[in-house]
Structure formats: structure tokens, C-alpha cells
Amino acid sequence: MIRTPAEAKDVKSTPGSLDQALDALEHDHAFLLRDDVFTRDAIATWLDYKRKKQVDAIRLCPRPHEFHLYYDI
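Residues numbered from 1 in each chain as written. Predicted model: local features only at pLDDT ≥ 70, side-chain atom pairs only at ≥ 80, totals over all residues. Heavy atoms only, no water.

Q: Honestly, the side chain of His29 in this entry has me stumped. Any pointers?
A: Mapped onto the elements, His29 comes out in the loop between helix 2 (18-27) and helix 3 (30-33). Within the structure, His29 has its side chain in polar contact with the backbone oxygen of Leu25 (distance 3.2 Å). Setting aside residues up to four positions removed in sequence, His29 forms contacts with Arg40 and Ile43. (Helix = DSSP H or I, 4+ residues; strand = E, 2+ residues; numbered from the N terminus. Polar contact = N/O pair within 3.5 Å; in protein donor to acceptor, adjacent residues only side chain to side chain. Contact = heavy atoms within 4.5 Å.)

Q: Help me out: how do you make sense of the nonpolar core in this one?
A: In summary, soluble globular proteins display a tendency toward joint burial of nonpolar side chains. Among the nonpolar cores identified, the biggest contains seven residues, and these are Leu22, Leu25, Leu32, Leu33, Ile43, Leu47 and Val55. The set of elements that each furnish at least two residues to this core consists of helix 2, helix 3 and helix 4 (40-60). The biggest single contributor to this core is helix 4, with three residues. Once residues within four sequence positions are removed from consideration, Leu47 is found in contact with Leu22, Leu25 and Glu26. (Core = buried A, V, L, I, M, F, W, Y, C linked by side-chain atoms within 4.5 Å. Buried < 20%, exposed > 50% of the residue type's maximum accessible area, 1.4 Å probe, protein only.)

This is a description of form; function is not addressed.
Laid out in C-alpha cells, this is it:
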């Protein structure tokens, strides 16, 4: 638990999107490799799957606000 502003300044912020979270995991996943919890291939496959099936799929679909902006007459 963070109790002081001095402690809070050392806490990194969390990613703001799934895409950012996947990038962060891709760059720092050594903790998942310890004790053979996961293999590098398993992590790479999972990252690729999440990007293709979720990040890209969401990026390619118009959001409700975009419908309002561009298609609302």
C-alpha cells in the first residue's frame, strides 16, 4: 500500500489500452519465464493472438461516436 507522496512517485502508471498493455508485456516478460511458467513461444503466440483477434478487430470497427460523427444526418 502506498502511504506517502514519496512512495507514489516511484509507482509506474498502468497502460491506458490493451495495445499499450501488450506492448509493455512484450518488452518486459522475464517474470513469466522464471521457473518455466511460460515459454517465449507461448508468450509470443498469445501476444500475436490478442493483437490480431482483439486489438486489430476493435481498431477496424467504427465506434458509436464515429457513427454519430460521420453517418448521423
